[in-house]
Amino acid sequence: MKLFFLVFTFSIFAQAESQVRVGYFYEIGKKTEKYLFKQETKVKMTDDLNRQTESTIWDAEGKVLMRETATIKDGVVISQVMEQLQIEEKYVLSVKDGQVTFETYSTKDSQKPKLTESSTEKIGAQFFTGPSLEVFLKKNLDQLKSQKKVKFDFGIFEFQKAISFEVKQTAKIFKDVPELLPLKMQLSSLLSVFVDPLLLEIDPQTAMLRRYRGRTPVRILEKGKLEPFDGDIYYELKK
């Protein structure tokens, strides 16, 4: 079983530092000169706990497939909007007063998006989503470096709820940058036996995601049908 993962990683804030991060998507273990998809994420941050992100994914021909914006305040993602143009859906997440609300819209009629699903639940301090994952990893970097296991709740639009995960050090996956810290993120329940883990390699100082292997939010055409894409992503800072 594969698990949907939002790999979108990454004014309200004064004196914000700006970065642009670029990710290149490939089939697992098959990095070539030509990527399948490209992601660009603009990040504005004042510190480790406060940032805004704006992300876009294109296919190799330059067609926009996904757009996402998110705001993280005091370490908590307070809003996130993602448009999946391939399957004509829009996902909206908002956090207020210790509760998270997930909404899914059909955008087949682009002028009048239709709400198709909605749910609200209480969350704790260890709630994160894709754009705020780096914040979580940075907060727990010392524990991860010392081989400790860290648990958290990860919001997944596909399920309209938060799912309990754990992350810990693992064996190296990508060999091109030896100093990156390899991590394995998996369900913290017995279901982890049936669900493939997500494999990450991060900068050991900043916790920036540099390598990723697992389920991505884009789809790929197989036998005339759009299917979820599991792949490798190589992330770099745009110079």
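Predicted model only: the values in this text are computed from it and were never measured. (Residues numbered from 1 in each chain as written. Predicted model: local features only at pLDDT ≥ 70, side-chain atom pairs only at ≥ 80, totals over all residues. Heavy atoms only, no water.)

### Brief notes about the side chain of Asn50
Secondary-structure assignment places Asn50 in strand 3 (residues 50-59). Relative accessible area serves as the criterion here: at 10%, Asn50 is assigned to the buried category. Of the polar contacts made by the side chain of Asn50, one reaches the backbone nitrogen of Asp74; its length is 2.8 Å. (Helix = DSSP H or I, 4+ residues; strand = E, 2+ residues; numbered from the N terminus. Buried < 20%, exposed > 50% of the residue type's maximum accessible area, 1.4 Å probe, protein only. Polar contact = N/O pair within 3.5 Å; in protein donor to acceptor, adjacent residues only side chain to side chain.)

### Considering the pattern of salt bridges
Scanning the entire structure with this criterion turns up 14 salt bridges. Shared partners join several salt bridges into a network, and the residues in it are Asp176, Arg210, Arg211 and Glu236. (Salt bridge = Lys/Arg side-chain N within 4 Å of Asp/Glu carboxyl O.)

### With respect to the side chain of Gln80
By secondary structure assignment, the location of Gln80 is in strand 5 (residues 76-84). When its relative accessible area of 1% is taken as the criterion, Gln80 is described as buried. Here Glu68 takes part through its side chain, which lies 2.9 Å from a polar atom of the side chain of Gln80.

### Description of the environment of Thr41
Looking at the element boundaries, Thr41 is found in strand 2 (residues 37-47). Classification of Thr41 as buried rests on a relative accessible area of 1%. Sequence-wise, Thr41 and Ile57 are 16 residues apart; in three dimensions their C-alpha atoms are separated by 8.8 Å. There is a polar contact of 3.2 Å between the side chain of Thr41 and the side chain of Gln39.

### What about the layout of surface pockets?
Within this model, the largest pocket holds a volume of roughly 250 Å³. If you trace the largest pocket, you find 15 residues lining it, with Gln19, Arg21, Glu134, Thr206 and Met208 closest to the centre. At the level of elements, strand 1 (17-27), strand 2, helix 1 (133-139) and strand 15 (225-237) are the ones that each hand at least two residues to the lining of the largest pocket. With 3 residues, strand 1 is the single largest residue contributor to the lining of the largest pocket. The residue inventory of the lining of the largest pocket, partitioned by class, reads 3 nonpolar, 2 polar and 10 charged. If you add up the space inside the second largest pocket, you get close to 160 Å³. Only strand 6 (89-96), strand 8 (114-122) and strand 14 (209-222) provide two or more residues apiece to the lining of the second largest pocket. Here the lining of the second largest pocket is composed, by residue class, of 5 nonpolar, 4 polar and 4 charged. (1 Å grid on protein atoms, 1.4 Å probe; cavity = no way out; pocket = protein on both sides within 12 Å on 5 of 7 lines; lining within 4 Å. Points joined across faces, edges and corners; volume = space filled by probe spheres on them. Nonpolar A, V, L, I, M, F, W, Y, C, P; charged D, E, K, R; others polar.)

These figures come from the coordinates and say nothing about function on their own.
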